Each structure stands twice: as C-alpha cells, then as structure tokens.
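Structure assessment
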Protein chains: 2
Amino acid sequence: MQDFHIGKLVVVGVGLIGGSVAAALKRERLVDHVIGVGRSRANMQQALSAGVIDEMAQDPATAARDADLVLVAVPVRQTAGVLQQLPQCVADGVIVTDAGSTKRDFVQIAQEIFGSAAKNVVPGHPIAGAERSGVAAATADLFTGKRVVLTPLPDTDAKAVERVASMWRACGANVMQMSPEHHDAVFSAVSHLPHVLSYALVEMIASRDNSEELFSFAAGGFRDFTRIAGSSPEMWRDICAANADQVLRDIDAFQQALSLMAGHIRAGEMDKVEAVFAAAAKARNAWAKGFK
Amino acid sequence: MQDFHIGKLVVVGVGLIGGSVAAALKRERLVDHVIGVGRSRANMQQALSAGVIDEMAQDPATAARDADLVLVAVPVRQTAGVLQQLPQCVADGVIVTDAGSTKRDFVQIAQEIFGSAAKNVVPGHPIAGAERSGVAAATADLFTGKRVVLTPLPDTDAKAVERVASMWRACGANVMQMSPEHHDAVFSAVSHLPHVLSYALVEMIASRDNSEELFSFAAGGFRDFTRIAGSSPEMWRDICAANADQVLRDIDAFQQALSLMAGHIRAGEMDKVEAVFAAAAKARNAWAKGFK
C-alpha cells in the first residue's frame, strides 16, 4: 500500500464519486496527473478550478491511452457507451474500474465488449454518497471509513484487482470482495428493496384524493422513512432494471412477511405482532449503534 | 387566548408529553399549580426538582378533585385504568384530555366509563416527540409550531374543547379538529403503515441466515428508512391493535401498489416504474421543503 502510486488517472464522469476519488488521491499525493472526461464543460471547468483534475478531455479513448487506471463513474445507463470506446486501451492492459450500484450487469457488458481482455476490468461499488451529486459535492474524505465492494471474476487479473483495491484504500475505504451475484443479492435486500418500498408508499399517499391533507400530518418518522423516495428516479429505475430478478424475489419475500403480519393483526394475535416489532427494534438498534 | 389561565392542572403520566405541556404552561405563567401523578417516584422527584410539577401524587382521583384540567399522558394501554378512577371528577365537570396516537379507541373507552359525562372529555393527539421519552427529555418548546389534533364528538362540550385547544395553543401548537374516524384513517396512512413496513423490512433481513452480513452493508438510506423500526414495540403493538381495521386496509392498499410495481419490473416496463418513482420523488421533495 505504501508503494501505491498512480501516474495517469482518467476519471470518466467527474461527479461526486469521481471527483472525490481524484480529490482524495491528490490530497495523499498518490497521483501525478488526473484527466477528467465529461460532456459538461461547466462541470469540468469547475473540477479544474477546484484542482480536482489537472486536464479535461471529451474523448475517453484518447484520454485513456497509456493511462494507469480508468475510473468510469458516469450514471449506470451511460456506462456501456463509455466502455465501447475503450476496447483498444483495455486490450493494451489499461485497468478499468467502475462505481455502479449493481454488478452483474456491468460484468456482462464488460465481457460482451472486451471478451477475454475483460480480465483488466475490475467491477467496483463504493458504498457512499448516494444522497448528493455533482463535483461541487465532491470531497477528499467521502470514502473515509466507508466500504467499497469489488466483484472480480475468477479470471480477473489479480494485479488489476489489487491495484484498484489499493486506490480505494488510499481514499480511506475498507475494501472487500464478493461475487457479482452475491453483491446484487445483498444490495437488493438492504438498499434496492427499501427504495422500492419508500417510493411505493409515497406514491400511494400522493395518489389519494386527500393527499394534501395526508402530507400535512406527516411528521418526523415519515420524513426519515421517505428520505430515499426523494432519490433520482432515473438512477433507481436503472438499478431495478439491472437487478430485476433479485429485486422481484425480495419484493415477494417482503409481501409474504407483510401478509403474515397482517394475518396476526387480523386475528388479534398482538403478542405475535409485538414479537416481530421487538425483534426488529432490537436488531435495528443494535445495528445503528455500530453504524457510522 | 390571552385570557387563558389554568388554576390547577393535573398531569397523569409525567413523561415527555406531559412534562413538556407542564413546562410550557409554566414558562408562559399560564398555570398556578401542577400536580403530577405517576408510579415512578424517581421520575416524579425528577419532575419536581426540574420545576415541571409543583406537587406529586399517586392517586389520580384525589389529585383531580377540583382540578381545572386533567391531561392523561400515560402509555395508551394504561389509559383505561386511569379513566376508571375519574368518573366522579368528570361527572363534576372536570375537563379531561389525552395525548394518545389513536382516537376511536379512546372515545369508546371514555363513553363506556363516563356515559353522558364523556362530554367533558376532549380526545387529543399532539404530533410531536415520538422518538424520545421520559421527563428528562421534556422541554417547554416541544410543541412549538407542531400540530395537535382534537377529535371531539358532536356532543362534546364546546367550552371544554376550547379550553383544551387553548392549552395546546399556549404550548405553541397549531390546533385542528377532525372526527376520531378521520383521524385514525389519516394517521394509519402517514404513520402507522410506515412503522409496520419499516418493522417488517428489518425483521425480514434480521431473520435471514446472512443477516449479519446484510446489516454490515446497510448504509445511510437504510438507517433513515428503518429509524422508526427502533420505536417501542409495545407502543406500536397497541396502536396497531387500536387501529387494526384501518391499518389492515392500508396494508392491503400498499400490497396492491407494490404488486403493481413488481408487475412493471417483471414486464420490463421501466418507463412505468420510473413514472411511479418520479411522482413519488416529486411529491416527497415538495413535502419535505415545507416540513419543519
């Protein structure tokens, strides 16, 4: 780790994630030159002024030539378009990684585009910063103490994996590995499903005739429960599309749990309702105690 | 309102709600004498030391004799037991109000116990402070800018209603009225259902074989979504019991909304999924903007 250093880093998509990685590596003096690639000239100019990037470019293929590492941190929907411009670099051994919230879809796209050269592609998912966006929100300590999950395949180049892991550790993150399948199952349960539930509840209330009155009586509990329903609809549409089978399995499991609870309430078996509530409260509060 | 003054206020259950009402009225010098009634001597002593109450008592009936107003702010489950000790006072014209989260059950209990004298009983529900508890958390400005819903019946004494409304306004609250039925329907949608959903999600995850791993990857969105699942299991069991028919109706409506969403995801109709997400995000963010 102490020998880790990047000569030329290319960040495609200089938003919250890409900008924060660049800022962290620059603060630690672990990168010589950062090229930011993006369409919005205003955003790139801002990144340049903030010293987050050293150079701006529009064409990923040209920028990534001879790069040590390419971080693709664009909205998931644009990832395939970016990768399609990188086959030559990847074939030449440039390491590419991403920051998307689902991993099976990224792996599949990388394999389709790069074939066996996909061994230089390391799928990644930093667990941080979903609430804000844009380079203006980028900060060198966004990943301090946060987790980054890498989901390499058995044939992914081990040195590439170690290189990407070192980059994230240099940003202060704790890096772990799991399979893309396992990643998507874990995050379906703890992230994707809660988002679907929160969106569904708000939409249910918003579509009622007295929605204005209902919202007027919503309080702090509602505010917390629905905070994630304020997230980007496009981003979460794409996550649900990419992880559809897992999300559907978890919606189904949740429906069953909810039906069971409704059955207890209907039967007046309030001791069973309390047992569910108590188990949940205990688990939640124990978890929250350790959560930073 | 400027003429509002209470001679003798009895607060049965000097916790967060009861203690905060007493503290607010005392700060405004709108009450002469506050008697706190409670079982826990330590808690009552703390209330006395803090100047929240002037006198402590154990028997509600004795304390409430000649009182101007009795606020019953005990856990909902204990409310009936308290009311059963007050028929003489209520018959004598002492005004009684409560602070419970459901109102049809309170109305029914008051009618059963007091008969026609229930006209002196004003059902109330302050929308504040569910997260904390105990007199130590009580504060004179807990209700500033918050809403209090009163649910009088057609035959509830108008002067009693105005008296209780004035008390809450003196605490800084905005007071509104609706029927007990409408109250329970509104709060089922915006409060009771979200609690049930949050508890159900946490319990679903906690009961999985890899729950420890799942929790370890839960992040800020999960924290917010599940905050209400850390609430008192007893309190929410009682709310679900008291409002069972409405809660069941809303669970059913939610399951239908969720099934519809699952159908869209299964069919790959991601434009429809996005439309639901977008409508929810718009409604939620508009609401949150105005929420204090």
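Treat the numbers as computed from the prediction; the structure is a model and nothing was measured.

What follows deals with the overall build of chain A. Within chain A one finds 13 helices and nine strands. Each principal axis of the C-alpha distribution contributes one length, and for chain A these read about 70 × 40 × 35 Å. Burial analysis of chain A (292 residues in total) assigns 53% to the buried set.

This part covers the environment of A:Asp157. Residue and element names in this part refer to chain A. With respect to the secondary-structure elements, Asp157 resides in the loop between strand 8 (147–150) and helix 7 (158–170). Judged by local crowding, Asp157 falls into the partly exposed class, with 17 C-beta atoms found within 10 Å. For the pair formed by Asp157 and Ser259, sequence separation is 102 residues and the distance between their alpha carbons is 47 Å. Apart from the residues lying within four places of it in its own chain, the contact partners of Asp157 are Lys119 and Asn120.

All names here are of chain A. What the domain assignment lists for chain A is domain 1 (6–178) and domain 2 (183–290). Relative placement of domain 1 and domain 2: their C-alpha centres are 32 Å apart. Taken together, the contacts link 13 residues of domain 1 with nine residues of domain 2. Grouping the constituent residues of the side of domain 1 that touches domain 2 by class yields five nonpolar, four polar and four charged.

What follows covers helix 13 (residues 270–290) of chain B. The terminal C-alpha atoms of helix 13 of chain B lie 30 Å apart, and with 21 residues this matches the ideal 30 Å at 1.5 Å per residue to within 8%. Those residues of helix 13 of chain B not exposed but buried are B:Val273, B:Glu274, B:Val276, B:Phe277, B:Ala280, B:Ala281, B:Ala283, B:Arg284 and B:Trp287. Along its buried surface, helix 13 of chain B packs onto helix 8 (180–206), helix 9 (211–216) and helix 11 (233–242) of chain A together with helix 12 (244–266) of chain B.

With that settled, consider the sheet that holds strand 4 (residues 69–72) of chain A. All names here are of chain A. Pairing is parallel across the open sheet formed by six strands, whose spatial order is 3-2-1-4-5-6. Strands at the two margins of the open sheet, each flanked by one partner only, are strand 3 (55–57) and strand 6 (121–122). Across four bridges, strand 1 (residues 6–12) lies against strand 4 in parallel orientation. Bridging across to strand 4, Val10 finds its partner in Val70.

With that out of the way, let us pick up the packing of helix 8 of chain A against helix 13 of chain B. Between helix 8 of chain A and helix 13 of chain B, whose axes approach to 8 Å, the crossing angle comes to 75 degrees. Comparing the axis directions of helix 8 of chain A and helix 13 of chain B gives the class roughly perpendicular. Of the residues in helix 13 of chain B, those touching helix 8 of chain A at A:Tyr199, A:Val202, A:Glu203 and A:Ala206 are B:Val276, B:Phe277, B:Ala279, B:Ala280, B:Ala283 and B:Arg284. Partitioning the contact of helix 8 of chain A with helix 13 of chain B into residue classes produces eight nonpolar, no polar and two charged.

With that out of the way, let us pick up the confidence of the model for chain A. Taken residue by residue, chain A gives an average pLDDT of 95. The fraction at 70 or more is 98%. We note a pTM of 0.93 for the whole complex and an ipTM of 0.93 for its interfaces.

Turning next to the packing of helix 8 of chain A against helix 8 (residues 180–206) of chain B. Contact pair helix 8 of chain A / helix 8 of chain B: the axes reach a minimum separation of 11 Å and the direction vectors enclose 165 degrees. In terms of orientation, helix 8 of chain A lies roughly antiparallel with respect to helix 8 of chain B. The crossing of helix 8 of chain A and helix 8 of chain B is right-handed. Residues A:Ala189, A:Val190, A:Pro194, A:Leu197, A:Leu201 and A:Ile205 of helix 8 of chain A pack against B:Ala189, B:Val190, B:Pro194, B:Leu197, B:Leu201 and B:Ile205 of helix 8 of chain B. When its residues are assigned to classes, the contact of helix 8 of chain A with helix 8 of chain B shows twelve nonpolar, no polar and no charged.

Once that is clear, we can look at the relation of the copies chain A and chain B. Take chain A, turn it by 180 degrees, move it 0.0 Å along the axis, and it overlays chain B with an RMSD of 0.0 Å. The superposition operator between the copies reduces to a two-fold rotation axis. Among all C-alpha atoms of chain A, that of A:Phe225 lies closest to the rotation axis, at 2.0 Å.

Moving on: the interface of chain A and chain B. Taken together, the contacts link 74 residues of chain A with 74 residues of chain B. Residue assignment for the side of chain A that touches chain B shows that the elements contributing at least two residues are helix 8, helix 9, helix 10 (220–225), helix 11, helix 12 (244–266) and helix 13 (270–290) of chain A. Here the side of chain A that touches chain B takes 18 residues from helix 8 of chain A, the largest share from any one element. Taken together, the residues of the side of chain A that touches chain B break down into 52 nonpolar, ten polar and twelve charged.

Our next topic: the pairing of strand 8 of chain A. Residues and elements named next belong to chain A. In this sheet, strand 8 lies alongside strand 7 (residues 124–126) in antiparallel orientation, the contact comprising three bridges. From the neighbouring strand, Pro126 faces strand 8, where its bridge partner is Val148. Direction of pairing for strand 8 relative to strand 9 (residues 174–177): parallel, over a ladder of four bridges. Following the sheet pairing, Leu150 is matched in strand 9 by Gln177. Note on the crossover from strand 8 through helix 7 to strand 9: the handedness is right-handed.

We now examine the sheet that holds strand 8 of chain A. What links the strands of a sheet is backbone hydrogen bonding, and the strands pair in either a parallel or an antiparallel sense. All names here are of chain A. Reading across from one edge, 7-8-9 is the order of the three strands in this open sheet, with mixed pairing throughout. At either end of the open sheet lies a strand with only one pairing partner, and these are strand 7 and strand 9. Each adjacent strand pair in this sheet contributes to an overall mean axis angle of 20 degrees, direction not counted.

Locating A:Cys240 in the fold gives a position in helix 11. Once the C-alpha coordinates of A:Cys240 and A:His192 are considered, the two residues, 48 residues apart in sequence, prove to be 7.2 Å apart. Not counting residues within four places of it along the chain, the set of residues in contact with A:Cys240 comprises A:His192, A:Val196, A:Val247, B:Ile265 and B:Val273.

Residues and elements named next belong to chain A. A positive phi is found at Arg29, a non-glycine position, where the angle reads about 55 degrees. Here Arg29 lies in the loop between helix 1 (16–27) and strand 2 (31–37). Even without a glycine there, the phi angle at Asp66 is positive, about 65 degrees. Assessed through the 11 C-beta atoms surrounding it within 10 Å, Asp66 is described here as exposed.

What counts as what
- Residues numbered from 1 in each chain as written.
- Chains lettered and ligands numbered in written order.
- Predicted model: local features only at pLDDT ≥ 70, side-chain atom pairs only at ≥ 80, totals over all residues.
- Helix = DSSP H or I, 4+ residues; strand = E, 2+ residues; numbered from the N terminus.
- Buried ≥ 20, exposed ≤ 12 C-beta atoms within 10 Å, placed from the backbone.
- Contact = placed C-beta atoms within 7 Å.
- Domains from an automatic or database assignment.
- Nonpolar A, V, L, I, M, F, W, Y, C, P; charged D, E, K, R; others polar.
- Expected span 1.5 Å × (residues − 1).
- Pairing = 2+ DSSP bridges.
- Axes fitted to C-alpha atoms, helices over the stretch in contact; angles between N-to-C directions.
- Parallel < 35°, antiparallel > 145°, perpendicular 65-115°, else oblique.
- pLDDT = per-residue confidence, 0-100.
- Left-handed = near helix turned anticlockwise from the far one by under 90°.
- Least-squares fit on C-alpha atoms with pLDDT ≥ 70 in both.
- Right-handed = clockwise from strand over helix to strand, strands pointing away.

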